[in-house]
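# Descriptive structure summary
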Amino acid sequence: MEISNSSRTTCQLIEKPFIIKNGVESDIMELYLRCSVQDYFIKVCESNVTVNELRKYLNKGITVEMQIKEGKLDKCEGDGEVQSRIGIYVTISEIIL
C-alpha cells in the first residue's frame, strides 16, 4: 500500500542490524534512510537502484526520489510464501546527483 507519492528528499544512508524474531541482533546489515526523526527500511527489490549503488553513500547524505509504502518488508515479487516483517518502507526510483 502506497502512503505517499514520489518525492525528492535528502536523508542520511545508514546500516542497521537485522533483528531476529527473538529480538537478538544478527550479523546481517540492512540499509535504511534516516530522514529527520524517522529511519525508513529500503526495500531494494522494489527500487530502481542496487545495493552497490547505494553503498557508495553509506553514512553520508543522499538525495533520492522515493516513495513511502506500507506492507511486507521481506517479500519480493516472485518469492514463494515467506514469513515477513510488516511495516513502513521506502522504494527508491532514482539517486539525484
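Refer to the structure presented above.
Residues numbered from 1 in each chain as written. Predicted model: local features only at pLDDT ≥ 70, side-chain atom pairs only at ≥ 80, totals over all residues. Heavy atoms only, no water.

### What about the sheet that holds strand β3 (residues 38-42)?
The strands that make up a sheet are held in pairs by hydrogen bonds between backbone atoms, and each pair lies either parallel or antiparallel. Using the following cut-off: Note: two strands are recorded as paired if DSSP finds a minimum of 2 bridges between them. Put simply, DSSP H or I for four residues or longer makes a helix, DSSP E for two residues or longer makes a strand, and each gets a number counted from the N terminus. Only the stretch in contact is used when fitting a helix axis, every axis being a line fitted to C-alpha atoms; angles between N-to-C directions are given from 0 to 180 degrees.
Strands sit in the order β1-β2-β3-β5-β4 around a closed barrel of five strands; the barrel is mixed. Across the sheet, the mean angle from the axis of one strand to that of its neighbour is 50 degrees, orientation sign disregarded. Alignment of β3 against strand β5 (residues 86-96), held across two bridges, turns out to be parallel. Following the sheet pairing, I42 is matched in β5 by V90.

### As for a nonpolar patch on the surface
Operational definition: Grouping into patches uses exposed residues only, defined as over 30% relative accessible area, and leaves out salt-bridged ones; the cut-off is 9 Å for like charges and 5 Å for nonpolar side chains (Val, Leu, Ile, Met, Phe, Trp, Tyr). For accessible areas, the Shrake-Rupley method is used with a probe of radius 1.4 Å. Any residue's cover is judged against the shown protein chains and nothing else. Whenever a carboxyl oxygen of Asp or Glu lies within 4 Å of a side-chain nitrogen of Lys or Arg, that contact is scored as a salt bridge. Classification of residues uses two cut-offs on accessible area relative to the type maximum, computed with a 1.4 Å probe and protein chains only: under 20% is buried, over 50% is exposed, and between them is partly exposed.
A cluster of nonpolar side chains, contributed by M1, I3 and I88, occupies part of the molecular surface with about 300 Å² of accessible area. Residue placement: I3 occurs in the segment before β1 (7-19). For I3, a relative accessible area of 44% corresponds to the partly exposed category.

### Digging into the environment of N22
The line we're drawing: The definition of a polar contact used here is a pair of N or O atoms within 3.5 Å, where within protein one atom must be able to donate a hydrogen and the other to accept one, and adjacent residues in sequence count solely through side-chain atom pairs.
Along the chain, N22 turns up in the loop between β1 and β2 (25-35). Polar contacts involving the side chain of N22 include one to the main-chain amide nitrogen of V24, which spans 3.1 Å.

### Description of the nonpolar core
A general feature of soluble globular proteins is that nonpolar side chains tend to end up buried together. For clarity, the threshold we go by: Note on terminology: a nonpolar core comprises buried Ala, Val, Leu, Ile, Met, Phe, Trp, Tyr and Cys residues joined through side-chain atoms within 4.5 Å. Only heavy atoms matter for contacts: two residues are in contact if any of them lie within 4.5 Å across the pair.
Ranked by size, the top nonpolar core spans 16 residues in total, and within it L33, I42 and L54 carry the most contacts. Going through the elements one at a time, β1, β2, β3, β4 (61-72) and β5 are the ones with two or more residues in this core. With four residues, β4 is the single largest residue contributor to this core. With residues near it in sequence (within four places) discarded, L54 still touches L13, L31, I42, V44, V49, I62, I92 and I95. Residues Y32, F41, L73 and Y89 belong to the second largest nonpolar core, which totals five residues.

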